[in-house]
Amino acid sequence: MAKKAKKQQKEKQAAENYYDLKVEAVDRLVNAKSAPKVSEKEIRKYTSRGKFHIPSWLKILFVKFWFSGAICYFFLWGMGLYLAGLDLMVVLAIALGVSTDLMVNHLLHSFEPEKGEYDKWMMIPFRRFWTIFLNVIYAGVLLYCVIQIYAIINTILVGDVNEAETVALGVEPLLFGIFYMAMDMLFVTIKNTLVKIFREANEKVNGTSQKDGKKI
């Protein structure tokens with residue numbers, strides 16, 4: 001009996017030491033001041049659940065496609081009974097620009113892993129009171145390019161569109177969204193390429209000037 005009681009006493013003491021050690025370790029972690037900062041992107045690697053993961057680029061392209069297609073549905077189809085020609089195109093450009101400034105870019109910023117990581121997917125990644133006007137102008141340019149795509153395709157299929165009784169390819173939300181998204185990404189890619197070229201040239205010039213002891 002004495003031997004058994006002694007064994008129980010040792011086990012009890014070992015358990016107390018174990019929990020004391022755990023509490024001490026937790027206190028050290030909580031009160032640590034020199035702990036390295038971990039980015040939100042790194043945290044998501046360990047907090048995300050499930051094996052199925054949708055790539056970021058696919059989500060971004062879908063958002064751009066869905067909003068432009070929805071604008072086509074509600075404004076081009078919805079207001080096509082009341083407006084036509086240039087008036088309809090102006091309304092459509094305004095709707096596309098406003099949705100990009102207030103909804104599309106805001107949505108992309110809301111689910112980016114780190115702040116500014118999705119800037120390369122937007123023509124105007126920041127938000128100011130005047131960016132809405134720039135986005136409307138940019139939307140007008142994209143809309144003009146999309147109209148030209150439809151004109152080229154229909155010209156190839158049926159010849160002169162002005163003389164043809166019907167067009168082979170009409171405007172509908174799905175294909176309009178794809179064309180608009182594709183033109184948007186084309187212009188964004190051109191912008192990113194030019195920015196990269198100027199940045200590398202600037203760094204090269206600054207690096208040379210620093211070696212020579214000169215300031216630009």
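So, here is what we can say about the structure in this document.

Thresholds applied
Residues numbered from 1 in each chain as written. Predicted model: local features only at pLDDT ≥ 70, side-chain atom pairs only at ≥ 80, totals over all residues. Heavy atoms only, no water. Core = buried A, V, L, I, M, F, W, Y, C linked by side-chain atoms within 4.5 Å. Buried < 20%, exposed > 50% of the residue type's maximum accessible area, 1.4 Å probe, protein only. Helix = DSSP H or I, 4+ residues; strand = E, 2+ residues; numbered from the N terminus. Contact = heavy atoms within 4.5 Å. Expected span 1.5 Å × (residues − 1). Bend = angle between axes of the 7 residues up to and from the residue. Salt bridge = Lys/Arg side-chain N within 4 Å of Asp/Glu carboxyl O. Phe/Tyr/Trp six-rings, centres within 6.5 Å; stacked < 30°, edge-to-face > 60°. Polar contact = N/O pair within 3.5 Å; in protein donor to acceptor, adjacent residues only side chain to side chain.

## Focus on the nonpolar core
Reasoning step 1: Ranked by internal contacts, the top residues of the largest apolar core, which has 20 residues, are Leu92, Leu96, Leu143, Val146, Phe176 and Tyr180.
Reasoning step 2: Only helix 3 (56–77), helix 4 (85–110), helix 5 (131–158) and helix 6 (173–212) provide two or more residues apiece to this core.
Reasoning step 3: At seven residues, the largest contribution of residues to this core is made by helix 5.
Reasoning step 4: Residue contacts for leucine 143: discarding those within four places in its chain leaves Met89, Leu92, Ala93, Leu96, Phe176 and Tyr180.
Reasoning step 5: Grouped together as the second largest cluster of nonpolar side chains are twelve residues, Leu61, Val63, Val104 and Trp121 included.

## Thoughts on helix 4
Reasoning step 1: Along its 26 residues, helix 4 runs 36 Å from first to last C-alpha, staying within 8% of the 38 Å computed at 1.5 Å per residue.
Reasoning step 2: Approximately 45 degrees is the largest bend angle found in helix 4, and it occurs at threonine 100.
Reasoning step 3: Here helix 4 has its buried residues at Leu88, Leu92, Ala93, Ala95, Leu96, Gly97, Ser99, Thr100, Asp101, Val104, Asn105 and Leu108.

## As for the pattern of salt bridges
Reasoning step 1: Counted by the stated rule, this structure contains two salt bridges.
Reasoning step 2: Residue aspartate 184 pairs with lysine 64 through a salt bridge whose shortest N-O separation is 2.7 Å. Here aspartate 184, found in helix 6, pairs with lysine 64, found in helix 3; they are 120 residues apart in sequence, far enough to count as distant. Of the two residues, aspartate 184 and lysine 64, both sit in the buried class.
Reasoning step 3: Its salt-bridge partner being arginine 127, residue aspartate 101 comes within 3.1 Å of it at the nearest N-O pair. Taken together, the positions of aspartate 101 in helix 4 and arginine 127 in the loop between helix 4 and helix 5 put the pair 26 residues apart, joining distant regions of the chain.
Reasoning step 4: You can call aspartate 101 buried: its relative accessible area is 3%.

## Considerations on the packing of aromatic side chains
Two measures describe an aromatic ring pair: the distance that separates the ring centres and the angle between the ring planes.
Reasoning step 1: Taken as a whole and assessed by the stated rule, the structure comprises nine aromatic pairs.
Reasoning step 2: With a centroid separation of 5.2 Å and an interplanar angle of 80 degrees, the aromatic rings of tryptophan 66 and phenylalanine 67 are classed as edge-to-face.
Reasoning step 3: Its relative accessible area of 48% is what places tryptophan 66 among the partly exposed residues.
Reasoning step 4: Aromatic pair tyrosine 73 and phenylalanine 74: ring centres 5.1 Å apart, planes at 85 degrees, arrangement edge-to-face.
Reasoning step 5: Judged by its relative accessible area of 55%, phenylalanine 74 falls in the exposed class.
Reasoning step 6: Through a chain of ring-to-ring contacts, three or more aromatic side chains come together here, namely Tyr73, Phe74 and Trp77.

## What to know about the side chain of asparagine 105
Reasoning step 1: Looking at the secondary structure, you find asparagine 105 in helix 4.
Reasoning step 2: Within the structure, the side chain of asparagine 105 is placed 3.2 Å from the backbone oxygen of isoleucine 124, a separation counted as a polar contact.
Reasoning step 3: Setting aside residues no more than four positions away along its own chain, asparagine 105 makes contact with Thr100, Met122, Ile124 and Asn135.

## A look at helix 3
Reasoning step 1: Compared with the 32 Å implied by 1.5 Å per residue over 22 residues, the 31 Å span of helix 3 between its first and last C-alpha is a close match.
Reasoning step 2: Listing the buried residues of helix 3 in full gives Ile60, Leu61, Val63, Lys64, Phe65, Phe67, Ser68, Gly69, Ala70, Ile71, Cys72 and Leu76.

## Digging into the environment of leucine 174
Reasoning step 1: Counting through the fold element by element, leucine 174 comes out in helix 6.
Reasoning step 2: Here the alpha-carbon distance between leucine 174 and phenylalanine 65, two residues 109 residues apart in the chain, equals 8.1 Å.

## Quick look at the environment of serine 68
Reasoning step 1: In this structure, serine 68 sits in helix 3.
Reasoning step 2: Sequence-wise, serine 68 and isoleucine 178 are 110 residues apart; in three dimensions their C-alpha atoms are separated by 8.4 Å.
Reasoning step 3: With residues up to four places along the chain from it excluded, the contact list for serine 68 reads Leu96, Phe176, Gly177 and Tyr180.
Reasoning step 4: A distance of 2.9 Å separates the side chain of serine 68 from the backbone oxygen of phenylalanine 65, its partner in a polar contact.

Taken by themselves, the reported measurements are silent on function.
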